[in-house]
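# Coordinates in review
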Amino acid sequence: MKFAVLVFPGSNCDIDMYHAIKDELGEEVEYVWHDATDLSEFDGILVPGGFSYGDYLRCGAMANQSNVMVEVKKAAEAGKPVLGVCNGFQILTEAGLLPGALLRNKNLKFMCRTVQLKVENNDTQFTNQYEKGQIINIPIAHGEGNYFCDEETLAKLKANNQIVFTYSGENPNGSLDDIAGIINERGNVLGMMPHPERAVNDLLGSSDGLALFKSIVKQWREAHV
């Protein structure tokens, strides 16, 4: 399976994502600059964290105007897996690939620490290697991770089982209903604020994030091999 790691001006988690795929997962991966106009050679798209374009206007707003996001939308429409982490999640909401928005943390501070997540839905191509209800340790590093949507959208997320991860025990940023990660209705686009790519080896403090990437590969191989 071949992954694309998108790189915008201001991205700073692209190397972590690349390492997770190449060195820990053992799959093929390439960096793709924001002005790319073709992602057809890739099987999965990874939108990493950071501060794309300095987070000016709104987090992810300017990144959404990049050429490559036209191709990301095409990839999503084609059913390819698209994962957005932290700033990547923000970009996916700006692109309309996921509902809702990410607001300033409730305490108005940037937070960087490991938190516990609960796997709410393990019947997705991103979570099939987890157990439903499993508690995992994944780092966060964000200032605008407070997920919000209107009541109608929240009801749809719940009805369609689109809430994939919630914060367990402590909600660090004030997110609505403790939401940490959601998928689109089709189930091939996942956005989450915590960083699974920073939890792929016990030397990093946790290897709980590796199962997410293994889930993607497992689903893809079952469909293509």
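Residues numbered from 1 in each chain as written. Predicted model: local features only at pLDDT ≥ 70, side-chain atom pairs only at ≥ 80, totals over all residues. Heavy atoms only, no water.

Our working definition: UniProt positions are given in the numbering used here, feature names are shortened, and annotations may be inferred rather than shown by experiment.
The name recorded for the protein in an unreviewed UniProt entry is Phosphoribosylformylglycinamidine synthase subunit PurQ, from Ureibacillus endophyticus. Entered under Pathway (unreviewed entry) in the UniProt record, the comment concerning the protein runs "Purine metabolism; IMP biosynthesis via de novo pathway; 5-amino-1-(5-phospho-D-ribosyl)imidazole from N(2)-formyl-N(1)-(5-phospho-D-ribosyl)glycinamide: step 1/2." The UniProt entry for the protein carries the following comment under Subcellular location (unreviewed entry): "Cytoplasm".

## Comments concerning the sheet that holds strand 9 (residues 163–167)
For the record, the criterion: The rule for pairing is simple: two strands pair if DSSP sees at least two bridges between them. Note on conventions: DSSP H or I runs of at least 4 residues are helices, E runs of at least 2 residues are strands, and numbering of each starts at the N terminus. Here, axes are lines fitted to C-alpha atoms. For helices the fit covers the stretch in contact, and angles between N-to-C directions go from 0 to 180 degrees. What makes two residues a contact is simply this: any of their non-hydrogen atoms within 4.5 Å.
Ordered by their spatial adjacency, nine strands build an open sheet running 2-1-3-4-11-10-9-6-7, and the pairing between neighbours is mixed. In the strand order of this sheet, the two ends are held by strand 2 (28–33) and strand 7 (135–142), each with one partner. Each strand of the sheet is rotated relative to its neighbour by a mean of 25°, with strand direction disregarded. Two elements, strand 1 (residues 2–7) and strand 2, share six bridges in a ladder whose sense is parallel. Note on strand 2: the bridge partner recorded for Val5 is Tyr31. Taken strand by strand, helix 3 (residues 87–94) contacts strand 3 (44–47), strand 4 (82–85), strand 10 (179–183) and strand 11 (189–192), and its axis lies near 120° from that of strand 4.

## Re unusual backbone geometry
Quick note on the threshold: The rule is simple: take the accessible area with a 1.4 Å probe, protein chains only, and divide by the maximum for that residue type; under 20% is buried, over 50% is exposed, in between is partly exposed.
Positioned with a positive phi, Leu57 is a non-glycine residue whose angle comes to about 65°. If you check the backbone angles, Asn161 has positive phi at about 60° while not being a glycine. Within the secondary structure, Asn161 is located in the loop between helix 4 (151–159) and strand 9. You can call Asn161 partly exposed: its relative accessible area is 38%.

## A few points about the UniProt feature "active site" (unreviewed entry) in the protein
Mapped onto this structure's residue numbering, the UniProt feature "active site" (unreviewed entry) falls at Cys86, His195 and Glu197. Taking the farthest pair of C-alpha atoms as the criterion, the annotated set spanning 112 residues converges on one region, since that pair is 11.0 Å apart. On the basis of relative accessible area, Cys86 is assigned to the buried category, the value being 5%. Once residues lying within four places of it in the same chain are set aside, the contact partners of Cys86 are Gly49, Ala141, His142, Met192, Met193 and His195. With respect to the element layout, Glu197 can be found in the loop between strand 11 and helix 5 (210–224). The exposure class of Glu197 is buried, given its relative accessible area of 1%.

## Side note on the pattern of salt bridges
Selection rule: Any Lys or Arg side-chain nitrogen located within 4 Å of an Asp or Glu carboxyl oxygen qualifies as a salt bridge.
Per the stated rule, a full pass over the model turns up twelve salt bridges. We note a salt bridge from Lys2 to Glu30, for which the minimum N-O separation is 3.2 Å. Of this pair, Lys2 sits in strand 1 while Glu30 sits in strand 2; the two residues are 28 residues apart in sequence, bridging distant segments of the chain. You can call Lys2 buried: its relative accessible area is 13%. Relative accessible area serves as the criterion here: at 32%, Glu30 is assigned to the partly exposed category. Note that Glu27 is salt-bridged to Arg221, the shortest N-O span being 2.5 Å. Of this pair, Glu27 sits in the loop between helix 1 (14–25) and strand 2 while Arg221 sits in helix 5, and the two are 194 residues apart along the sequence. According to the relative accessible area criterion, Arg221 is partly exposed, its value standing at 39%. Several salt bridges share partner residues, and in doing so they unite Lys2, Glu28, Glu30 and Glu41 into one network.

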